[in-house]
Amino acid sequence: MQATPEPAAPATAPRARSTKKIILITLAVILGCAGIAAATGALWVKHTFYPSPMKPVSLTASEQAALNGKLQALNNPAAIPPDEANRTIIINEREVNAYLAQQQLGESVQVQFAEGQVSAAIILTAPPDFPLVPNQKIRLRFTFGTSLTPAHKLSLKLDDLSLGGISLPNSWIGDIKGLDLIAANVESDPALQKFVAGIQSLDIHNGTLRLVLNK
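The structure presented is a predicted model; accordingly, all values stated were derived computationally and were not measured.

**Some points on the overall build of the protein chain**
Moving on, step 1. Scanning the protein chain for helices and strands turns up 5 helices and 8 strands.
Moving on, step 2. In sequence order, the secondary structure elements of the protein chain are arranged as α-α-β-α-β-β-β-β-β-α-α-β-β.
Moving on, step 3. A total of 215 residues make up the protein chain; the buried ones form 27% of that total.
Moving on, step 4. Across the protein chain, every contact between residues at least 6 apart in sequence was considered, and the portion connecting residues at least 24 apart equals 48%.

Below, the structure is given as structure tokens:
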């Protein structure tokens, strides 16, 4: 007696299993991305609205000695020989941030030099009239453009103020974007007048600030 052949399995079974597998993989990817987004959002909130103190910068003994010499030159440019090479002072980010740490500001202020710009990350408590999170400790970033005016005067203008990487509207911060902060304060600050008068040229590049002092 001839054996009856087994009926063939439905052709749709492998396809159904394959479709189910693709759906499960897609769901896993979506859930994974959602988890990453949630973790990133939590880190952003903590970094911006619950900031930890910054790590103060400290210099080696030789770096500190070099910075002390530069500070002495800035405080008393008349004592520097008239040779232009001796009147050129180059200051880097580490030196500025170490100086801020020595002024007890290292945990709340950190400066960076970019091409033609100075930016400062600052941790502070928002004022009571701040449109967002008043009286909340926050981390802001100020970005300043620096240059010499046609009258050969030092200019420092606020280009941007951002919270968590989001630029704040100018109306929220008293319309100070674009304001020359030196020109606005130099008349009432004799120390600032003396400092500005002593600068012949100023250039900022990535990581360094180069000053040439007047004779």
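**Digging into the packing of aromatic side chains**
Given two aromatic rings, one states the distance between the centres and the angle between the planes to describe the pair.
Moving on, step 1. Inspection of the entire model under this criterion finds 1 aromatic pair.
Moving on, step 2. Between the aromatic rings of Phe142 and Phe144, the centroid separation amounts to 6.3 Å while the plane-to-plane angle is 5°, which identifies the pairing as stacked.
Moving on, step 3. Classification of Phe142 by relative accessible area gives buried; the value is 16%.
Moving on, step 4. Residue class for Phe144 comes out buried when judged on its relative accessible area of 15%.

**Some details on the sheet that holds strand 3 (residues 117-125)**
Moving on, step 1. On the basis of which strands lie adjacent, the open sheet formed by 5 strands has the order 2-3-4-5-6 and antiparallel pairing. Edge positions in the sheet fall to strand 2 (109-114) and strand 6 (166-167), since each has one partner strand and no second.

**A look at the pattern of salt bridges**
Moving on, step 1. For the structure shown, the criterion picks out 4 salt bridges.
Moving on, step 2. Its salt-bridge partner being Glu95, residue Lys70 comes within 2.9 Å of it at the nearest N-O pair. A residue pair is termed long-range when its members are at least 10 positions apart, and Lys70 in helix 2 (residues 61-75) and Glu95 in helix 3 (residues 93-102) qualify at 25 residues.

**Topic: the pairing of strand 1 (residues 88-92)**
Moving on, step 1. By the alternation rule, side chains of strand 1 split into Ile89 and Ile91, which are all buried, and Thr88, Ile90 and Asn92, of which none is buried.
Moving on, step 2. Across 5 bridges, the pairing between strand 1 and strand 8 (residues 208-213) is antiparallel. Paired with Asn92 across the strands is Thr208, a residue of strand 8.

**Observations regarding helix 3**
Moving on, step 1. Burial in helix 3 covers these residues: Glu95, Asn97, Ala98, Leu100 and Ala101.
Moving on, step 2. As for helix 3, its buried residues are in contact with helix 2, strand 1 and strand 2.
Moving on, step 3. For helix 3, the side-chain oxygen to backbone nitrogen distance between the N-cap and Arg94 is 3.1 Å, and the N-cap itself is Asn92.
Moving on, step 4. Just past helix 3, the residue Gln104 takes up positive phi, approximately 65°.

**A closer look at the sheet that holds strand 1**
Moving on, step 1. Strand order in the open sheet formed by 3 strands is 1-8-7, and the pairing between neighbours is antiparallel. Two strands close off the open sheet at either side, each with one partner strand: strand 1 and strand 7 (199-205). Adjacent strand axes in the sheet meet at a mean angle of 15° when their direction is disregarded.
Moving on, step 2. Strands in contact with helix 2 are strand 1 and strand 8; relative to strand 1, the strand with the most contacts, it is inclined by about 130°.

**Things to note about the packing of helix 2 against helix 3**
Moving on, step 1. It is the contact of helix 2 with helix 3, at a shortest axis distance of 11 Å, that shows an interaxial angle of 85°. When the axes of helix 2 and helix 3 are compared, the pair comes out roughly perpendicular. Only Arg94, Glu95, Tyr99 and Gln102 of helix 3 make contact with helix 2, whose side of the interface consists of Glu63, Gln64, Ala66, Leu67, Lys70 and Leu71.
Moving on, step 2. Taken together, the residues that form the contact of helix 2 with helix 3 break down as 4 nonpolar, 2 polar and 4 charged.

**So, the environment of Leu59**
Moving on, step 1. With respect to the helices and strands, Leu59 occurs in the loop between helix 1 (12-49) and helix 2.
Moving on, step 2. Taking relative accessible area as the criterion, Leu59 reaches 18% and is therefore assigned buried.
Moving on, step 3. Distance from Leu59 to Ala98, taken between C-alpha atoms, is 6.6 Å for residues 39 residues apart in sequence.

**Observations concerning the pairing of strand 3**
Moving on, step 1. In terms of strand pairing, strand 2 meets strand 3 through 6 bridges, oriented antiparallel. Its bridge partner being in strand 3, Val109 is matched across the sheet by Ile122.
Moving on, step 2. Taking the residues that link successive antiparallel strands as the turn, the strand 2-strand 3 hairpin has 2 residues, and the phi of Gly116 there is positive, at about 75°.
Moving on, step 3. In terms of strand pairing, strand 3 meets strand 4 (residues 137-148) through 9 bridges, oriented antiparallel. The partner of Gln117 across the bridge, within strand 4, is Gly145.

Reading guide: rules and limits
- Numbering of residues starts from 1 in every chain and runs along the sequence as written.
- Where local features are concerned, this predicted model is filtered to residues with pLDDT of at least 70; where side-chain atom pairs are given and counted, the filter is 80 or more; whole-chain, interface and lining totals use all residues.
- Calculated side-chain values reflect all of the structure's heavy atoms, with hydrogen atoms and water omitted.
- By definition, any uninterrupted DSSP run of H or I lasting at least four residues is a helix, any uninterrupted run of E lasting at least two residues is a strand, and each is numbered from the N terminus.
- Buried residues are those whose accessible area, probed at 1.4 Å on protein chains only, stays under 20% of the maximum for their type, while exposed residues exceed 50% and partly exposed ones sit between those limits.
- Two residues qualify as a contact provided that any one of their heavy atoms is within 4.5 Å of a heavy atom in the partner residue.
- Between 30 and 60 degrees the pair is tilted, below 30 it is stacked and above 60 it is edge-to-face, where a pair is any two Phe, Tyr or Trp rings, Trp via its six-membered ring, whose centres lie within 6.5 Å.
- Pairs of strands are assigned from DSSP output, requiring at least two bridges between the strands.
- A carboxyl oxygen of Asp or Glu within 4 Å of a side-chain nitrogen of Lys or Arg is what we treat as a salt bridge.
- Whenever a nitrogen or oxygen atom comes within 3.5 Å of another N or O atom, the pair is scored as a polar contact, on the condition that within protein one atom can donate a hydrogen and the other can accept it, and that pairs from neighbouring residues in sequence are kept only if both atoms are in side chains.
- Orientation is described by lines fitted to C-alpha atoms, with helices fitted over the stretch in contact, and by angles between N-to-C directions that extend from 0 to 180 degrees.
- Just so you know how the angles are binned, under 35 degrees is roughly parallel, over 145 roughly antiparallel, 65 to 115 roughly perpendicular, and the rest oblique.
- Under this grouping Gly is polar, as are all residues other than the nonpolar Ala, Val, Leu, Ile, Met, Phe, Trp, Tyr, Cys and Pro and the charged Asp, Glu, Lys and Arg.

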